[in-house]
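Spelled out from the first residue to the last, the chains are:
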Amino acid sequence: MKAWVIARKELGVFFTTATGYAGFGAYAFLMGLLFISALNRYQQLTQYYLSQQRPDLLETLNFNDTILTPMFSSGVWMFLFFVPFLTMRLFAEEKSGRTFELLMTAPVTSWDLVLGKFLAAGAMVVMLAAIPVAFPLILEAYGTAPGTGSSVEWSPVWSALGFTALLGLSFVAIGLWMSASTDSQLMAALLTFGILLMGYILPMIAGRLEGDWRVVLEYASPVNHVSRGIQGRVLLEDLVYFASITLASLFYAQRVVESHRWR
Amino acid sequence: MTRDPTPSVPAIEVRGLTKAYRDHVAIRDLSFSIGAGEVVGFLGPNGAGKSTTMRILTGYMPPTRGTVRVRGHDVLEEPMEVKRRVGYLPEIPPVYLDMTVVGYLRFVARLKGVRRSELRAEVERAAEQAGVAHIADRLIRNVSKGYRQRVGLAQALLHDPEVLILDEPTVGLDPIQIEQVRSLIRQLGADQRRTILLSTHILREVEAVCERIIMIAGGHIVADDTFDALTREHDASLEEVFARLAVTAERATP
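Residues numbered from 1 in each chain as written. Chains lettered and ligands numbered in written order. Predicted model: local features only at pLDDT ≥ 70, side-chain atom pairs only at ≥ 80, totals over all residues. Heavy atoms only, no water.

Draft legend 1. Structural context of the pattern of salt bridges. Counted under the stated rule, the structure contains 29 salt bridges over all chains. The partner of R89 of chain A in a salt bridge is E93 of chain A, with the nearest N and O atoms 3.0 Å apart. On the criterion of helical spacing, the pair formed by R89 of chain A and E93 of chain A is a turn pair, its members being 4 residues apart in helix α6 (residues 89–96). Taking the relative accessible area as the measure of exposure, R89 of chain A reaches 10% and is therefore buried. Owing to a relative accessible area of 30%, E93 of chain A belongs among the partly exposed residues under this scheme. E13 of chain B serves as the salt-bridge partner of R15 of chain B, at 2.8 Å between the closest nitrogen and oxygen. Since its relative accessible area comes to 52%, R15 of chain B is described here as exposed. Look at the salt bridges and you will find they share partners, linking K9, E10, R89, E93, E94 and K117 of chain A into a network. (Salt bridge = Lys/Arg side-chain N within 4 Å of Asp/Glu carboxyl O. Helix = DSSP H or I, 4+ residues; strand = E, 2+ residues; numbered from the N terminus. Buried < 20%, exposed > 50% of the residue type's maximum accessible area, 1.4 Å probe, protein only.)

Draft legend 2. The interface of chain A and chain B, seen in detail. Counting residues at the interface gives 24 residues for chain A and 26 residues for chain B. Summing both sides of the interface, chain A and chain B together bury roughly 2,400 Å²; the carbon and sulfur share of this comes to 66%. When the buried surface of chain A facing chain B is broken down by residue, E101, L102 and P107 of chain A rank first, second and third, together holding 26% of it. Between R55 of chain B and E101 of chain A there is a salt bridge; the shortest N-O distance is 3.1 Å. Counting the contacts that link chain A with chain B gives 6 residue pairs in polar contact (both at pLDDT 80 or more). (Contact = heavy atoms within 4.5 Å. Buried area = accessible area lost by both parts, 1.4 Å probe. Polar contact = N/O pair within 3.5 Å; in protein donor to acceptor, adjacent residues only side chain to side chain.)

Draft legend 3. Region of interest: the packing of aromatic side chains. All names here are of chain A. In the structure shown here, the tally under the stated rule is 20 aromatic pairs over all chains. Taking the centre distance of 5.7 Å and the plane angle of 10 degrees together, the rings of Y27 and F79 count as stacked. You can see Y27 sitting in helix α2 (residues 19–51) and its partner F79 sitting in helix α5 (residues 78–87), a full 52 residues away along the chain. What makes F79 buried here is its relative accessible area of 0%. Centre to centre, the rings of Y27 and F82 are 5.4 Å apart; their planes meet at 85 degrees, and the pair counts as edge-to-face. One end of the pair, Y27, is in helix α2; the other, F82, is in helix α5, with 55 residues separating them in the sequence. We classify Y27 as buried; its relative accessible area is 1%. (Phe/Tyr/Trp six-rings, centres within 6.5 Å; stacked < 30°, edge-to-face > 60°.)

Set out below in structure tokens:
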């Protein structure tokens, strides 16, 4: 399997240039901000309910629903900005730098190229998605909720992390496809950003519609699928959704790369 | 070196090769055959279709019409068999600026399927042959154009291919480097089993390293013979032969 050779080279580029570290740093920093703001809100609510002598309301507060789920839900937006940067160079740089000729005349298939690059960028996005695991660990280490005495419930956390990663993988596949479709990294990033942004605004459009179109647009957007996962609901249809987006994009990327052999 | 058992099969066989782009025809109906062990100069003015032909031979792009066989394997039907046997230096060396020379050569060696146990020795051999062993740990971004060209050459030599296709291998080099690359090519060509096709628009280059010349102009083959026969037949220096044939071909092209 030559895909692994490609993947190794790509990972090497991520980590020998500043791209990888800058990406991890920026993502960790921004997720940290989201965590702190959710934590502040949690503290304010706790103090407010305490001062109002409302133990019933205090019991509704827990780490998962009040801190982690909002943090993960906002965090999902982050990939909209990170993934285009991660994927834009994958094929576009090879083409503008003329190394594409090396890859296309080496004894490797188009699938090796596409899967190798997907493995590398996919590994990066999974690592990104894993960073926020630090926050529930901090919560668990330092506290329990005053209302219920409960700490972090882990199964929704795993589900949230897993669905964030699945979302990231499907975005990477789309970015890879766009990068294969153009010689320009900027163009690849803009196209990817445009498609991903579309995914996020579809539910807003759907909200104004009724009937079948509403159902279709809501299904097409990743927002609802990932939201359920973040809330800890693992549904087969959501897994199928992300797998379909990923596989279809990889398939198209392979077709685009292969088509260079026919021009 | 991986070798086919039958030396009688031509190393490269091209029949009726035509490549038409959207707005112009780059090469028309090229046919030639190169035997195993030959060192052939592919000569022609800029824009004659040399690079296009080489890109088709290496399987980078398909022809509009015609067939290419490398050691009997059709480049469209068995591309992997062809690619395994061919080392190719494109017009612009296909190097990654953010990699070190040795890192790059290791990557290409793995791509070409060099075994893990032989990787280090194979990379060292190719780097030594192309004269880049002493800059192995430098970033390609920081080496001169001439060295990038030689790194590209080292890459083509990995996996010890039986057919070498070199697209203008001395472009951008200084006179000393040019002489070094030429002597390397002569040395590589001295191996009777290795076939080399190199393109150039510099007449001295073919004179210096090639036994046979295929001259193209305006997308046609205008001459295909040994260096001696060509100059004898036209009773002129290669410069004059080249100028005469190129002009005739340009006129003949609509």
